[in-house]
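Report on the structure
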Amino acid sequence: MAGLQAAEPQLALVRRVITRPPGLGGETYEAIDAAEFQRRTTAGDFCLHWPAHGLHYGIPAGIVHQAEVGQDFLVNLSRSVLTDAARIFPDFVVLNLTARPETLVSRLAGRGRESLADIRNRLDRRGASMPPGLRIIDISNDGSLGESVRMAREGLAREVS
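Described in the following lines is the structure provided in the data block. The residue count restarts for each chain, going from 1 along the sequence in the order it is written. Under the rules for a predicted model, residues below a pLDDT of 70 receive no local features and side-chain atom pairs below 80 are neither given nor counted, while totals for whole chains, interfaces and linings still include all residues. The side-chain numbers reported here are obtained from all heavy atoms of the structure, hydrogens and water having been left aside.

**With respect to the side chain of glutamate 8**
Quick note on the threshold: Runs of E in the DSSP output that reach at least two residues are strands. Runs of H or I that reach at least four are helices, and both are numbered from the N terminus. Polar contacts, as used here, are pairs of N or O atoms within 3.5 Å; protein pairs need one atom able to donate a hydrogen and one able to accept it. Residues neighboring in sequence count only if both atoms are side-chain atoms.
Position of glutamate 8 relative to the elements: it lies in the loop between α1 (2-7) and β1 (11-13). Here the side chain of glutamate 8 touches glutamine 10 through a polar contact of 2.8 Å, side chain to side chain.

Pasting the structure below:
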């Protein structure tokens, strides 16, 4: 996502709120504990939120207004909230990056955040289907970052033209 945002600076990266300890890398996120996450969920601070991998993820509600006034965003979401995202954001497009199992294992292991069992669980979900009715751009992410960014830019250019 950072590579695509660097190539398309008008796309703002959404900083997720995650019940993960700070500083674990992979993305810039706001780290909070589960109690604070629940408080903020109840207060309506998130336009989207979901549990995954033993954590909770939230997207700040403030981006709804920013999108309404024309700001485009990149955000990493769970399949479980894609239909809600499409309802909230009328111009919503999914960039569905996929990779071969060996590529995923290598990348996930390299992050150092998941155990081998966690990595196996992610691989088991790899073939999960996307919700129907979404605008989806499928991108193979087995190659270089530059190649994935090129394919994403081309797909987005086709989608908005």
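**So, the packing of aromatic side chains**
Note the threshold: Within 6.5 Å between ring centres, the rings of Phe, Tyr and Trp (the latter by its six-membered ring) count as paired, and their orientation is classed by plane angle as stacked under 30 degrees, edge-to-face over 60, tilted in between. Burial classes follow relative accessibility: with a 1.4 Å probe on protein chains only, a residue under 20% of its type's maximum area counts as buried, one over 50% as exposed, and anything between as partly exposed. Charge-over-ring placement is defined geometrically: NZ (Lys) or CZ (Arg) within 6 Å of the ring centre, and within 35 degrees of the ring normal.
Evaluation of the coordinates by the stated rule reveals two aromatic pairs. A ring pair is formed by phenylalanine 37 and phenylalanine 46, whose centres lie 4.8 Å apart and whose planes are at 25 degrees; its orientation type is stacked. No difference in accessibility class separates phenylalanine 37 from phenylalanine 46, as the two residues are buried. Here the aromatic rings of tryptophan 50 and tyrosine 57 are separated by 5.5 Å at their centres, their planes lie at 5 degrees, and the arrangement is stacked. The pair formed by tryptophan 50 and tyrosine 57 is uniform in burial state, with each residue classed as buried. In this structure, arginine 20 packs its charged tip against the face of tyrosine 29, placed 4.8 Å from the ring centre.

**Concerning helix α7 (residues 145-160)**
Spelled out, the test is: Each residue after the first adds 1.5 Å to the expected span of a helix. Relevant arc is that of directions from the helix axis to the C-beta atoms, nothing else. Contacts are assigned to residue pairs with any non-hydrogen atoms lying within 4.5 Å of each other.
For α7, spanning 16 residues, the distance from its first C-alpha to its last is 22 Å, which sits close to the expected 22 Å at 1.5 Å a residue. Among the residues making up α7, those that are buried are Ser148, Val149, Ala152, Gly155 and Leu156. All buried residues of α7 project into a common sector of 130 degrees when viewed along the axis, lining one side. Where α7 is buried, its residues meet α1, β1, β7 (94-98) and β8 (136-140).

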